[in-house]
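# A closer look at the structure
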Amino acid sequence: MFYRENGQFKTSYAADQQIFTIAQDKWFVWGLIAFAALAVPMLADEYMFRAILIPFLVLSLAALGVNLLVGYCGQITLGAGAFMAIGAYAAYNFMVRIDGMPLILAMLLGGAAAAAFGILFGIPSLRVRGLYLAVATLAAQFLCDWAFLRIGWFTNYSSSGSVSVAKLEVLGWVVDSPVEKYLFCLAFVVVFAVIAKNLTRAAIGRQWMAIRDMDVAAEVIGIRPMFAKLSAFAVSSFFVGVAGALWGFVYLGSWEPAAFSVDRSFQLLFMVIIGGMGSIMGSFFGAAFIVVLPIFLNQFLPFLGSLVGVTVSTAGVSHAEFIIFGSLIIFFLIVEPHGLARLWSIAKQKLRLWPFPH
């Protein structure tokens, strides 16, 4: 009875085209943002920030970028880890080589560098699709792994091959404690989520979805496939590049190329599949699932084993994690291809009818 739009009249085109057409959705999102910004810093401890909340926010932003390309434009990618690495290393080089470079500007420029690289490796999408396009983007992953490991200029000729960021400062505000890092990431995620939502509702988003559904028909009605596909690669890579800069600067502090390996690319793709392709909310669901599940298994499986007198080793927990991930991906692809976001949408539809049967 509480989730109804009865009496919510639209008296202008602007009101009819707003992001949240139902007032309850708008109140829920604003309440969620307020809770995340005000209540979570007072309730969560340092472990919660470092192990769950900060990784969740950064990976949500990266999954959001992958979802724009895979879910909305239908272009498969296995090189998201490479674009994260480009964003991180580009932002690092901007900070090191330009005196007085602002932190936020360096991260945005890192995203721009990833966008340029994404356009370059998005060119094959004009000719190939499906598995062939996935292999082309996988080539970007291997190229970046080799370049950042072998070319010393990217790491400022570090002898260890790793790079580190000593101090994060934004307009005199030193981002040092876990709470400050969490709020810094939260601000990025909120802004980029609003941008992504508006992009998918705008003309460019409709072009991406037309290309996803049937590119030949989209071209017949006047949509340029080259612009639509390359713009999707550019925007997606920009989001993922900024997420990579946040991952390196805020979460890791110091990193090496292994932090952005091909495993990271598969992880982001799994987030989109489990969370829901073509859904902004699905990116957050998928990131939360991927981040929380390993921590839950590390705590639950040894406890479950102790109840039946079986000792579960760390290697056993790791193997169980892979088995569960694979099983869930198969389950969602067969039973619910639209992922957790679709289940959330069904639940909202049920609430709009409750307590009536139909």
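Anyway, here's the lowdown on the structure attached to this text. Fair warning: this is a prediction, and the values are worked out from it, not measured in the lab.

What counts and what doesn't
- Residues numbered from 1 in each chain as written.
- Predicted model: local features only at pLDDT ≥ 70, side-chain atom pairs only at ≥ 80, totals over all residues.
- Heavy atoms only, no water.
- Axes fitted to C-alpha atoms, helices over the stretch in contact; angles between N-to-C directions.
- Helix = DSSP H or I, 4+ residues; strand = E, 2+ residues; numbered from the N terminus.
- Left-handed = near helix turned anticlockwise from the far one by under 90°.
- Contact = heavy atoms within 4.5 Å.
- Nonpolar A, V, L, I, M, F, W, Y, C, P; charged D, E, K, R; others polar.
- Patch = residues over 30% accessible without salt bridge, like charges linked within 9 Å, V, L, I, M, F, W, Y side chains within 5 Å.
- Areas by Shrake-Rupley, 256 points an atom, 1.4 Å probe, with all protein chains shown as cover.
- Salt bridge = Lys/Arg side-chain N within 4 Å of Asp/Glu carboxyl O.
- Buried < 20%, exposed > 50% of the residue type's maximum accessible area, 1.4 Å probe, protein only.
- Polar contact = N/O pair within 3.5 Å; in protein donor to acceptor, adjacent residues only side chain to side chain.

## Let's talk about the packing of helix α4 (residues 80-97) against helix α6 (residues 131-150)
- Look at α4 against α6: their axes get within 8 Å of each other, and the N-to-C directions meet at 35°. Regarding α4 and α6, the two cross each other, and that crossing is left-handed. For the pair α4 and α6, contact is made by G81, A82, A85, I86 and Y89 and by A140, Q141, C144 and F148, respectively.
- When its residues are assigned to classes, the contact of α4 with α6 shows 7 nonpolar, 2 polar and no charged.

## Thoughts on a nonpolar patch on the surface
- Together, V292, F296, F300, F303, L304, L307, V308 and V310 line one region of the surface with nonpolar side chains, adding up to about 750 Å² of accessible area.
- With respect to the element layout, L304 can be found in helix α12 (residues 280-307).
- Taking the relative accessible area as the measure of exposure, L304 reaches 37% and is therefore partly exposed.

## Re the side chain of S283
- Topologically, S283 is positioned in helix α12.
- At 3.0 Å, the side chain of S283 forms a polar contact with the side chain of N67.
- Ignoring any residue separated from it by four or fewer positions in sequence, one finds S283 in contact with S60, A63, L64 and N67.

## A closer look at unusual backbone geometry
- Of note in this structure, N156 is not a glycine but carries a positive phi near 55°.
- Turning to its location among the elements, N156 is positioned in the loop between α6 and β1 (163-164).
- Given a relative accessible area of 33%, N156 falls into the partly exposed group.
- Of note, the phi angle at Y157 is positive, near 55°, even though the residue is not glycine.
- In this fold, Y157 is placed in the loop between α6 and β1.
- The exposed category is assigned to Y157, whose relative accessible area is 60%.

Taken by themselves, the reported measurements are silent on function.
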